[in-house]
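# A closer look at the structure
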Amino acid sequence: MNNIILIGFMGTGKTTVGKALAQRLGRPYLDLDQYIVEREQRSIPTIFSEEGETYFRQVEAALLLESLQPGGRVITTGGGVVLRPDNVAAMKSGGWVIALKASPDEIIRRVSSDSQRPLLAGDAAERVHRLLAERDGMYDFAPLQIDTTGRHVQEIVDEIMRKMVEQTDFRRD
Ligand code: S3P
């Protein structure tokens, strides 16, 4: 079975939706950020502060390749996974990619109570706007784009299930 890979900016709901989708489909679930934390034995903010972002991106790329091995998993990724073209190519050939989106205001609401995102330290709202602009279009390669703004997780999972059936690509399995 093909992997299902959720991409999207921070705070678009990847982890919440991914877990619920895996449960609905009865598939194994893998969160790439969590996998990085387990393999590195330290938190993401600690990896960033001790080693820097470049090191984090190297580990992220290596563990992405590992998690994309065939296994029919639902895989959720960190928002920056699209920054490396090699990662994008690997995701395109390693499964079905679904992009989650949300409005900037909703993203800011969702991330503002969380201290686990080093790239948003300081003025989170300003950073969200800047990073959204820098990453504009980078999630658009996914054939399925789902807006999660103001929506309940089960409603989003229902939409994904419906769209998966409709899309020829998703029916190949
Ligand atoms: C990042 C997103 C985070 C995490 C790291 C960097 C990014 O994951 O990988 O803090 O560059 O967008 P989430 O998208 O799950 O918050």
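Structural data are supplied above this passage.
Summary of the structure given here. (Residues numbered from 1 in each chain as written. Predicted model: local features only at pLDDT ≥ 70, side-chain atom pairs only at ≥ 80, totals over all residues. Heavy atoms only, no water.)

Now for the site of the ligand. In the vicinity of the ligand lie 13 residues, with Lys14, Asp33, Arg57, Arg117 and Arg135 positioned nearest. Take Gly79: an N or O atom from its main chain is 2.8 Å from an oxygen atom of the ligand. Between Gly80 and the ligand, the recorded distance is 3.1 Å, taken from a backbone N or O atom to an oxygen atom. (Near = heavy atom within 4 Å. Polar contact = N/O pair within 3.5 Å; in protein donor to acceptor, adjacent residues only side chain to side chain.)

Once that is clear, we can look at the packing of aromatic side chains. One pass over the full model with this rule turns up one aromatic pair. Taking the centre distance of 4.8 Å and the plane angle of 40° together, the rings of Phe48 and Phe56 count as tilted. Accessibility assignment for this pair places Phe48 and Phe56 in one class, buried. (Phe/Tyr/Trp six-rings, centres within 6.5 Å; stacked < 30°, edge-to-face > 60°. Buried < 20%, exposed > 50% of the residue type's maximum accessible area, 1.4 Å probe, protein only.)

All right, on to the packing of helix 6 (residues 104–111) against helix 7 (residues 124–134) then. Interaxial distance between helix 6 and helix 7 falls to 10 Å at its minimum, and their mutual angle equals 130°. The pairing of helix 6 with helix 7 is recorded here as oblique in orientation. Judged by the sense of rotation from one axis to the other, the crossing of helix 6 with helix 7 is right-handed. Side by side, helix 6 and helix 7 meet where Pro104, Ile107, Ile108 and Val111 of the first sit next to Ala125, Val128, His129 and Leu132 of the second. Looking at side-chain class alone, the contact of helix 6 with helix 7 contains seven nonpolar, one polar and no charged residues. (Axes fitted to C-alpha atoms, helices over the stretch in contact; angles between N-to-C directions. Helix = DSSP H or I, 4+ residues; strand = E, 2+ residues; numbered from the N terminus. Parallel < 35°, antiparallel > 145°, perpendicular 65-115°, else oblique. Left-handed = near helix turned anticlockwise from the far one by under 90°. Contact = heavy atoms within 4.5 Å. Nonpolar A, V, L, I, M, F, W, Y, C, P; charged D, E, K, R; others polar.)

Along helix 6, the residues that are buried comprise Glu106, Ile107, Ile108 and Val111. The inward-facing, buried residues of helix 6 abut helix 7.

Note that an α-helix has 3.6 residues per turn; residues three or four places apart therefore point the same way. For helix 4 (residues 53–67), which comprises 15 residues, the first-to-last C-alpha distance of 20 Å matches the rise-based estimate of 21 Å (1.5 Å per residue) to within 8%. All of the buried residues along helix 4 are Phe56, Arg57, Val59, Glu60, Ala61, Leu63, Leu64 and Ser67. Those residues of helix 4 that are buried lie in contact with strand 1 (3–8), strand 2 (29–31), helix 2 (32–40), helix 3 (44–51), strand 3 (74–76) and helix 5 (85–94). (Expected span 1.5 Å × (residues − 1).)

Membership of the largest hydrophobic core comes to 34 residues, with the highest contact counts inside it found for Ile7 and Met91. Those elements that provide at least two residues to this core are strand 1, helix 2, helix 3, helix 4, helix 5, strand 4 (95–101), helix 6 and helix 7. Top element by residues in this core is helix 4. It accounts for four residues. Apart from residues lying up to four places away in sequence, Met91 is in contact with Ile5, Ile7, Leu64, Leu68, Thr77, Val81, Val82, Val97 and Phe141. The next biggest cluster of nonpolar side chains, apart from the first, holds 17 residues, and it includes Leu6, Ala22, Ile98 and Leu144. (Core = buried A, V, L, I, M, F, W, Y, C linked by side-chain atoms within 4.5 Å.)

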